[in-house]
Structure formats: C-alpha cells, structure tokens
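Summary of structural features
These are the residues of each chain, in order.
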Amino acid sequence: MTIQADEQQLERTREFVRVQVAPDASRRWSERQTSEEVHLAAGSAGLLGLQLPASVGGVGVSFACKAQVAAILAQADFGVAMSLINTHNVAEQLFRLAAPGLAQRYLPDLLAGRLSACTALTEPSAGSDFAAIQTQAVAVPGGWRLDGAKTWITNALHADLVVVYAQTRVGAGAAGIAAFVVQAQRAGFKRSPGPAMGPVSTIGAGGFELQGYLCREDEMLSPPGEAFKDILGAINGARTYVGAMCCGMVSEGLQVASAWGHARQAFGKPLHGHQGWRWCLADAAIELEAAQLLVARAAELIDAGRDAQSASAKAKVFATRMAQKHLAALMHAMGAEGLGENYPFVRHLASAQVAGLVDGSTEMLLERIAKDFKATASSQGRTTP
Ligand SMILES: Cc1cc2nc3c(=O)[nH]c(=O)nc-3n(C[C@H](O)[C@H](O)[C@H](O)COP(=O)(O)OP(=O)(O)OC[C@H]3O[C@@H](n4cnc5c(N)ncnc54)[C@H](O)[C@@H]3O)c2cc1C
C-alpha cells in the first residue's frame, strides 16, 4: 500500500461519483432504485477491491483510504456507499478466509461488479443481540443444512452471494455461530419482500428465508468459535467507515446550505449576511471537523494493526449524532427549499438514522465505550463507597 495508490483511488472515486452517482441520486430516490446498476462501473473504478492485493485483482489501498472513499461516496448517496462496501467486504472476507477453490470461483466476478453480495446477521427476532440468532446449521453428510430467516440486510434485494451467520449448537450462543457462503440461485434460498426504504432505497435492504438450504463442507467460511471473533474484528472497520460516511453527508449538506445562503435574499441581504443564520454553518463545521479527527484516529489504529474497538465506537457514535443534529439544522436553514428531492437533506437525514443502527447501534457502542471504565484501586488516597 502506498500514498500514491491511495491518492489515485481517491481520484478515481471522485470521478465515479461525478459520473455514476451524483447525477442520478434524485432519480434513484424517486424511482426507489437499488444500487445494482452501479456495481459494474464501481468494479471498473476499483471500488470492489479496495482492500485486496493486486495479485487477485484488487487495488490494495490503506484502510484510511477506504474510509475516505466511503465519505466521498456517501456525500452523494449513503445507500450506494453502503451497498458497494458490503459487496467489497464479502470479497475481502472470501480472500482472507475461504478455501482457495471457493475464493477463486467468486472473486473475479465480485471484483468486477458482475456479482453483488451481502452479509447477513440480523433476524426478525435478533438484532442488537446477535448471539441470540435462531438460523440453524445442522451437519449432514458432505456439509450443512441451513434453516431460518434474515431481515434488514443491505443488498439482500439483489445479492447473488450471501455470507450467512448461523447457530450450529442450540444454546451455545456466540461459541456455536459459524459463517457460510450461500448462493441466492440455489434451491432453499427465497428472498422476502424488502421493507419500503423510501429515501435510502439504494441500500437495497431486504430479507430472505433458508429452507433446507444445503451448503457443501468447503462453503463454511468461518467455523464455530472463529466466526463471532472474526465479525467483531471486522466491525471496527465498519464502524469507522460508517462514521466517515456521516462526515461525507454533513460536508455535502454544508456546501449546499452555504451556496443557498449566499444566493437567497431575506430582509434586503443574503441569508448568509444575517449573523443568526450563518452561525449554523459554523456550528456544523466545528463538529464535522471533530468527527473527521475521530474517524482519522480510528483508521490510523486499524492501519497500524492496533486495538481500535474503543476508538471506532467513539468515532461512529460522535459522527452519527453529529450528522443527525447538523443535517436537520442545515436543512432547516434552507427553509422550505431544503425539503426538495433535488437536495440531499431528506435522503441524508434518513441515512444518518440508518447509520445509528448498522454495525452496532449507538446504545450498543456506548456500552462498549463504558467497558473501558473498569473497577480500579482508589487513587490519590480517595476511598470508594
Ligand atoms: C437499512 C439497514 C441496513 C442494514 N443492513 C444490515 C446488514 O447488511 N446485515 C445485518 O446483519 N444487519 C443489517 N441491518 C440491521 C442492523 O444491524 C440492526 O438494525 C441493528 O443491529 C439493531 O437491531 P434491531 O433493528 O433489531 O433493533 P433492536 O435490537 O430491537 O433494538 C431496538 C432499539 O433498542 C436499543 N437497544 C437494544 N438493546 C439495548 C440495550 N441492552 N440497552 C439499551 N438499548 C438497547 C437499540 O440500540 C435500538 O435503538 C441493517 C439495518 C438497516 C436499518
């Protein structure tokens, strides 16, 4: 990984957004489209192989670059950003964990955007409490039989390939959970109608049922005991890039509101000429920069191979709340105009709500951060009750 490769990838991402994402963002919203149609172009722009080495067709950039890519994509469309990164993440997981034959079978098509993919943990009866999933994997001759249902899964409306997390031993909790590679075309896989996602339709969220779905032995991606640990490792990255996406959306909101404030006249001068109006831009700019610094710190720890659990949780909580607060304020500063489908505010605000749930909700992350405060011996002579 080199600084030059990172910079080239950021430039390619800006061009991809300029040509493929930004011009159609409003149309995709009004037509309730998913991001399936941009996968091919994303493959050509290297976006589906960010963290894979050139030897398998990836571009091998740093994690910090991946986070910046996420921010640039989300500036135009958070749903597109999430959709592409979820396909990317399955490719990366296959490269890292799958038996060579399995990885070779799917990687070229995933990296080129000819296939889309998703990662399915959440179920109708288990969201935050992931260890309580009910989807069962039962050993059968030559492999595993999967039965259960998943819901609220990014890309599930069109994914060709799914990494499914399932319980191999009833009552074993996290220790019994394994990950399997599932093909949407195979018997036993049935998509369920997706929830009407309105302004975030490009995320392609939906569900599916598995009824007697048969996985071969080599399609177990991560065995019981390993799968839960692996997902917890990967989730620090996810929390960091979701935080980056929130920064991207607020950065876009700031630019749009600022331009409007200089053009729109009220009481004989531009809105921006009124002190009470322009402070809202300043407030947003301060907290945006603070969020960007937290995201950059978490990304730096990830690139250095250091523990990023707490840093990524803090970055996501702060950036998500920052986006929820300032996108609403900036939209208000636009007056009625801010509600228009030709502006990003309604989409971005709904997206900030999604950001507060995916890859660990705000409350789950606060719990994670609170774990840093362990019982300690009294210091400086203070006694504890
Ligand atoms: C658009 C979208 C895309 C998604 N994509 C994916 C995906 O690709 N793959 C996937 O597996 N999942 C995905 N999810 C699901 C997401 O991970 C879950 O929404 C999340 O884990 C929360 O679960 P839940 O919605 O079932 O809420 P619940 O777990 O039912 O929680 C409801 C509320 O209660 C709070 N809460 C729960 N427990 C506690 C507690 N102990 N203390 C305090 N508060 C608590 C939560 O923070 C939340 O605010 C997606 C969700 C959305 C909306």
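Brief notes about the nonpolar core
If you look at soluble globular proteins, the nonpolar side chains tend to sit buried side by side. Phe-16, Phe-78, Leu-84 and Met-245 are the most contacted members of the largest nonpolar core, which totals 72 residues. Taken together, the elements giving at least two residues each to this core come down to helix H1 (3–21), helix H4 (63–76), helix H5 (78–97), helix H7 (227–263), helix H8 (275–303), helix H9 (309–333) and helix H10 (345–355). Broken down by element, the residue count for this core peaks at 14 residues, all from H7. Ignoring any residue separated from it by four or fewer positions in sequence, one finds Phe-78 in contact with Val-200, Ile-203, Met-245, Met-249, Ser-351, Val-354 and Ala-355. The next biggest cluster of nonpolar side chains, apart from the first, holds 26 residues, and it includes Leu-115, Ala-117, Val-163 and Ala-179.

Side note on the state of the cysteines
One pass over the full model with this rule turns up 0 disulfides. This cysteine, Cys-65, is not joined by any disulfide, and Cys-247 carries the nearest cysteine sulfur, 16 Å off. On the basis of relative accessibility, which here comes to 1%, the residue Cys-65 falls in the buried class.

Notes on the site of the ligand
Around the ligand, a shell composed of 17 residues is seen, among which Thr-122, Ser-128, Trp-152, Ser-361 and Glu-363 lie nearest. At a separation of 2.7 Å, a nitrogen atom of the ligand approaches a polar side-chain atom of Thr-122. The separation between an oxygen atom of the ligand and a polar side-chain atom of Ser-128 is 2.7 Å. In the complex, 63% of the free accessible area of the ligand, which totals 970 Å², lies under the protein chains. Comparing atom positions with the cavity grids shows the ligand to sit within the largest pocket. Among the secondary structure elements, those contributing two or more residues to the shell around the ligand are strand S1 (117–120), strand S3 (143–153) and helix H11 (362–370). When its residues are assigned to classes, the shell around the ligand shows 10 nonpolar, 6 polar and 1 charged. Taken domain by domain, the makeup of the shell around the ligand includes at least three residues from each of domain 2 (119–224) and domain 3 (228–370).

What about the environment of Gly-248?
Take Gly-248: it is sitting in helix H7. Setting aside residues no more than four positions away along its own chain, Gly-248 makes contact with Ala-71 and Gln-75.

Section: empty space enclosed by the protein
On inspection of all chains with the given rule, the structure shows 1 cavity of 30 Å³ or more. Lining the largest cavity, in full, are Trp-29, Asp-77, Pro-199, Ser-201, Thr-202 and Arg-347.

Some remarks on the environment of Trp-279
With respect to the element layout, Trp-279 can be found in helix H8. The class of Trp-279 is exposed, set by a relative accessible area of 52%. The spacing of Trp-279 and Arg-114 is 165 residues in sequence and 47 Å in space, taken between C-alpha atoms.

Thoughts on H4
The first and last C-alpha atoms of H4 sit 21 Å apart over 14 residues, in line with the 20 Å expected at 1.5 Å per residue. Residues Phe-63, Cys-65, Lys-66, Ala-67, Val-69, Ala-70, Ala-71, Ile-72, Leu-73, Ala-74 and Ala-76 constitute the buried set of H4. Here the buried face of H4 lies against H1, helix H2 (25–30), H5, H7, H8 and H10.

Points about unusual backbone geometry
With a phi angle near 55 degrees, Arg-32 is a residue other than glycine that sits in the positive phi range. Locating Arg-32 in the fold gives a position in the loop between H2 and helix H3 (39–44). Accessibility expressed as a relative area gives 46% for Arg-32, which makes it partly exposed. At Trp-152, a position not held by glycine, the phi torsion is positive, near 55 degrees. Residue placement: Trp-152 occurs in strand S3.

Side note on the packing of H4 against H7
The geometry of H4 relative to H7 is characterised by a closest axis approach of 7 Å and an angle of 40 degrees between their N-to-C directions. One finds that H4 runs oblique with respect to H7. Note on packing geometry: the crossing formed by H4 with H7 is right-handed. In contact with Phe-63, Lys-66, Ala-67, Ala-70, Ala-71, Ala-74 and Gln-75 of H4, H7 contributes Gly-237, Thr-240, Tyr-241, Ala-244, Met-245, Gly-248, Met-249, Ser-251, Glu-252 and Gln-255.

Concerning the domain arrangement of the protein chain
Along its sequence, the protein chain is carved into domain 1 (3–116), domain 2 (119–224) and domain 3 (228–370). The gap between the C-alpha centroids of domain 1 and domain 2 is 22 Å. The partner domain 2 presents 24 residues to the 28 residues of domain 1 that form the contact. For the domain 1 and domain 2 pair, buried surface summed over both sides reaches about 2100 Å², with 59% attributable to carbon and sulfur atoms. A per-residue breakdown of the area domain 1 buries against domain 2 is headed by Gln-93, Tyr-106 and Ser-116, which together make up 24% of the total.

Definitions and limits used
Residues numbered from 1 in each chain as written. Predicted model: local features only at pLDDT ≥ 70, side-chain atom pairs only at ≥ 80, totals over all residues. Heavy atoms only, no water. Core = buried A, V, L, I, M, F, W, Y, C linked by side-chain atoms within 4.5 Å. Buried < 20%, exposed > 50% of the residue type's maximum accessible area, 1.4 Å probe, protein only. Helix = DSSP H or I, 4+ residues; strand = E, 2+ residues; numbered from the N terminus. Contact = heavy atoms within 4.5 Å. Disulfide = S-S within 2.5 Å. Near = heavy atom within 4 Å. Polar contact = N/O pair within 3.5 Å; in protein donor to acceptor, adjacent residues only side chain to side chain. Areas by Shrake-Rupley, 256 points an atom, 1.4 Å probe, with all protein chains shown as cover. 1 Å grid on protein atoms, 1.4 Å probe; cavity = no way out; pocket = protein on both sides within 12 Å on 5 of 7 lines; lining within 4 Å. Sits in = over half its atoms within 2 Å of the grid points. Nonpolar A, V, L, I, M, F, W, Y, C, P; charged D, E, K, R; others polar. Domains from an automatic or database assignment. Points joined across faces, edges and corners; volume = space filled by probe spheres on them. Expected span 1.5 Å × (residues − 1). Axes fitted to C-alpha atoms, helices over the stretch in contact; angles between N-to-C directions. Parallel < 35°, antiparallel > 145°, perpendicular 65-115°, else oblique. Left-handed = near helix turned anticlockwise from the far one by under 90°. Buried area = accessible area lost by both parts, 1.4 Å probe.

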